[in-house]
Amino acid sequence: MLFRSLHPTLGAEFVHCWLRDGERLWLGTGLQGKLFVLEAGKVRQVAKFDAAFVSALVADGSGGVYVGLPGSAQVVQVSSDGKVTPVVKLSVDAKAGDQDDMSAARHIWALRKKGSTLYAGTGPGGKVYAIDLNLPGMLCAAVKDCPVFGGKLVSFDESKVMGRPGVKKVVK
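Report on the accompanying structure. (Residues numbered from 1 in each chain as written. Predicted model: local features only at pLDDT ≥ 70, side-chain atom pairs only at ≥ 80, totals over all residues. Heavy atoms only, no water.)

### Thoughts on the sheet that holds strand β5 (residues 56–59)
If you walk across this open sheet you meet the 4 strands as β5-β6-β7-β8, and the pairing is antiparallel. The open sheet is flanked by β5 and β8 (84–89), the only strands paired with a single partner. Within the sheet, the average angular offset between the axes of one strand and its neighbour, ignoring direction, is 25°. (Pairing = 2+ DSSP bridges. Helix = DSSP H or I, 4+ residues; strand = E, 2+ residues; numbered from the N terminus. Axes fitted to C-alpha atoms, helices over the stretch in contact; angles between N-to-C directions.)

### Looking at the pattern of salt bridges
The full count for this structure, using the stated rule, is 2 salt bridges. Taking the shortest distance from any N to any O, the salt bridge between R24 and E39 comes out at 3.0 Å. Highlighted residues: R24 in strand β2 (residues 24–30) and E39 in strand β3 (residues 34–39), separated in sequence by 15 residues. Take E39: its relative accessible area is 27%, and that puts it in the partly exposed class. Note that E39 is salt-bridged to R44, the shortest N-O span being 3.7 Å. Among the charged side chains, a network of salt bridges with common partners joins R24, E39 and R44. (Salt bridge = Lys/Arg side-chain N within 4 Å of Asp/Glu carboxyl O. Buried < 20%, exposed > 50% of the residue type's maximum accessible area, 1.4 Å probe, protein only.)

### Brief notes about the nonpolar core
Core analysis: the biggest nonpolar cluster contains 16 residues, and W26, L35, F49, L57, V65, V67 and V78 have the highest contact counts within it. Among the secondary structure elements, those contributing two or more residues to this core are β1 (14–21), β3, β4 (42–48), β6 (65–69) and β7 (74–78). Here this core gets 3 residues from one element, more than from any other, and that element is β6. A56, Y66, V75 and L90 belong to the second-largest nonpolar core, a separate cluster that totals 13 residues. (Core = buried A, V, L, I, M, F, W, Y, C linked by side-chain atoms within 4.5 Å.)

In structure tokens form, the structure reads like this:
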């Protein structure tokens, strides 16, 4: 019933997936790869993708959604105002040029978010990938070991690292 009442408004062949997030209803459509949101009784197009359809949706926790796209094995994040940010593009070919390899991820069929990890169910082959998400204010750490196996680090020049972009702190 929902599809019939929204079809003329969407101008899309079909609604492939949907997600209710609070008072918003996100709609991923087919044959044109559009993303719509129904909010306060009004439907608006939020994004259009270079894909046949939107295959999966999951809330991002900040008012937007993560979108799975078939054919490109790509996941993007879409804010409620329509800003599209690439998250990951999984390997389309496990072996260069071998489209028959069943382990190659070519489609994102399902998405699930748990904490700061996004899980993507892919096909063909049915593999699930865990994607670590970058959250606002998130910092990353890098560990540098002693260059000699079994050796102990005696000293290092902290100033060489502190001058690099994005470095906040060096600890010993």
